[in-house]
Amino acid sequence: MMTSPHDRRAFKNSFMTKKFLFFAVIVAISVIGLIFYREPVKIAAPPIFSSSETATSTLRVIFFDVGQGDSALIITPQDKTILVDGGPDDKVLSKLGKYLPLNQRRIDYMILSHPHADHLDGLVSVLKRYDVGVVYYSGVPHTTYAFIEWLQLIKEKNIVMKIIGKPQILELDSKVKLDFLYPGKDLSGLDLKGQEESKFVKNNNLNNVSIIFKLIYGQTKFLFTGDAEMPVEKELLKNKANLLADVLKVAHHGSHSSTGDKFLQAIQPKMAVISSGLGNDFGHPHSRTLRRLERHGVKIFRTDEMGDIEMESDGKAIK
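Residues numbered from 1 in each chain as written. Predicted model: local features only at pLDDT ≥ 70, side-chain atom pairs only at ≥ 80, totals over all residues. Heavy atoms only, no water.

Caption draft 1: Expanded view of the side chain of histidine 116. Secondary-structure assignment places histidine 116 in the loop between strand E6 (106-111) and helix H3 (117-129). Looking at histidine 116, its side chain comes within polar contact range of the side chain of asparagine 207, at 3.1 Å. (Helix = DSSP H or I, 4+ residues; strand = E, 2+ residues; numbered from the N terminus. Polar contact = N/O pair within 3.5 Å; in protein donor to acceptor, adjacent residues only side chain to side chain.)

This is the structure we're talking about:
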C-alpha cells in the first residue's frame, strides 16, 4: 500500500514521541537510582545549616497563594525552613522573598508531595536560586521536562534525597517533628510497564502517591495531604493511622474526589486551608467538599479568596 508524505511524517512524529517518553522514563529512573538514600524508620536530623540566634517559641506556617497549585513554607522556632511543594511556576520565589530575610538563600528541607506540574514546577526555580539541604520524595518517576530537570539539579548540586517509603518521623527542633504517614511502601521501583502503570500513570493517579504527613509542634498539629484522593484516605483509615490534627491542608485543591466524611471524622480539624486559583478551570474548590467541611464545623480558609494564609503556633494554640 502506498503512503503519502503526510502519513509518513505523522508516523515518524508518533514514533519520536514514544521514543522520547521511553528515554525520559529511563533517565528519570536512572537519576533517582543514583541519588536516593533509604531512610530509617525514625530520623534524628542534624542541623543542615546553622540556625538563627534569634530563635523564638513560635512555629509559622504560610500557605502561599500561587494560583492553581500548592506551596507552603514552614519556619520552626529554631529557624529551620521546610518548603512543601512549589506551585506551577516561579511565583514561589517572590513568596519566599516576602517571608524570609533578604539575604537568606537556604531551604533546610524540601518536600515534593508528588510530581504533577502544579506542585513541582516552582521547585525547579527554587533549586536554581536557593541552597537546599535535604529533599524528601516518594520516589515515583515522571516523564515531564520539569521533573527531569528537578532531578538533574538535585544531582548536580549534590543534594541529599531521601525516599518516604514507610511511616517514619523526622525530628526537627526539640518540640517539632514531621510524622510521615503515607506512602506505606517504597514506590521508587514502580513498574511503569506493568500493572502499576494503569493504576498510577494511565489514570493520572499520581495524586495517589502523594506524601501525607503531620507537622507537630507541642500539642498542635497540621496535616498535609498533597493531592491524595479517597482511595488513599480509605487505606489510611484501614491502617488506623493517627490522623488527628487541628489544621487540614485540604487535598487536591478542594476537589470532590478527596476529603471524605470518614476521613474528616478521623482528623477532627478545627480549620482547613484550600489552595486553589481564582476562577480556575477545574471548579476547585468543589461545592460538595465545602459542604462536607461545613457539616463538620470546620473553619475554611481559601487562598483564592484571601491570598497567602499565615498561621502561628506557640505549641498550645494556633492563630
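Structure shown, so let's carry the discussion forward.
Caption draft 2: Focus on the confidence of the model for the chain. Averaged over all residues, the pLDDT of the chain equals 84, while 78% of them reach at least 70. Note that pLDDT drops below 50 for residues 5-12; the model gives that stretch 1 contact with residues more than four away or on any other chain. Low pLDDT, under 50, characterises residues 192-204; the stretch is placed with 18 contacts to residues that sit more than four places away or in other chains. (pLDDT = per-residue confidence, 0-100. Contact = heavy atoms within 4.5 Å.)

Caption draft 3: Structural detail: the packing of aromatic side chains. In this structure the tally under the stated criterion is 9 aromatic pairs. Between tyrosine 137 and phenylalanine 147, the aromatic rings sit 5.9 Å apart at their centres with planes inclined by 50°, giving tilted as the arrangement. You can see tyrosine 137 sitting in strand E7 (residues 131-137) and its partner phenylalanine 147 sitting in helix H4 (residues 145-156), a full 10 residues away along the chain. Each member of the pair, tyrosine 137 as well as phenylalanine 147, carries the same accessibility label: buried. Every member of this aromatic cluster is reached through a ring pair, and the members are Phe63, Tyr109, Tyr136, Phe180, Phe213 and Phe224. (Phe/Tyr/Trp six-rings, centres within 6.5 Å; stacked < 30°, edge-to-face > 60°. Buried < 20%, exposed > 50% of the residue type's maximum accessible area, 1.4 Å probe, protein only.)

Caption draft 4: Seen up close, the pattern of salt bridges. Taken as a whole, this structure holds 12 salt bridges when the rule is applied. In this structure, lysine 80 and aspartate 173 form a salt bridge, with 3.2 Å as the shortest nitrogen-oxygen distance. Note that lysine 80 is positioned in the loop between strand E4 (72-75) and strand E5 (81-84) and aspartate 173 in the loop between strand E9 (168-171) and strand E10 (176-182), a separation of 93 residues in sequence. Among the ionic pairs, aspartate 308 bridges to lysine 98, the shortest N-O distance being 3.7 Å. With aspartate 308 in the loop between helix H9 (303-306) and strand E16 (309-313) and lysine 98 in helix H2 (residues 91-99), this residue pair connects regions lying 210 residues apart in the sequence. When its relative accessible area of 57% is taken as the criterion, lysine 98 is described as exposed. Taken together, the shared-partner salt bridges connect Asp79, Arg106 and Asp108 into one network. (Salt bridge = Lys/Arg side-chain N within 4 Å of Asp/Glu carboxyl O.)

Caption draft 5: Quick peek at the nonpolar core. Phe64, Leu96, Val126 and Trp150 are the most contacted members of the largest nonpolar core, which has 35 residues in total. Going through the elements one at a time, E4, H2, E6, H3, E7 and H4 are the ones with two or more residues in this core. Here the element with the most residues in this core is H4; it accounts for 6 residues. Counting residues in hydrophobic clusters, the runner-up holds 30 residues, among them Leu172, Leu215, Val247 and Phe301. (Core = buried A, V, L, I, M, F, W, Y, C linked by side-chain atoms within 4.5 Å.)

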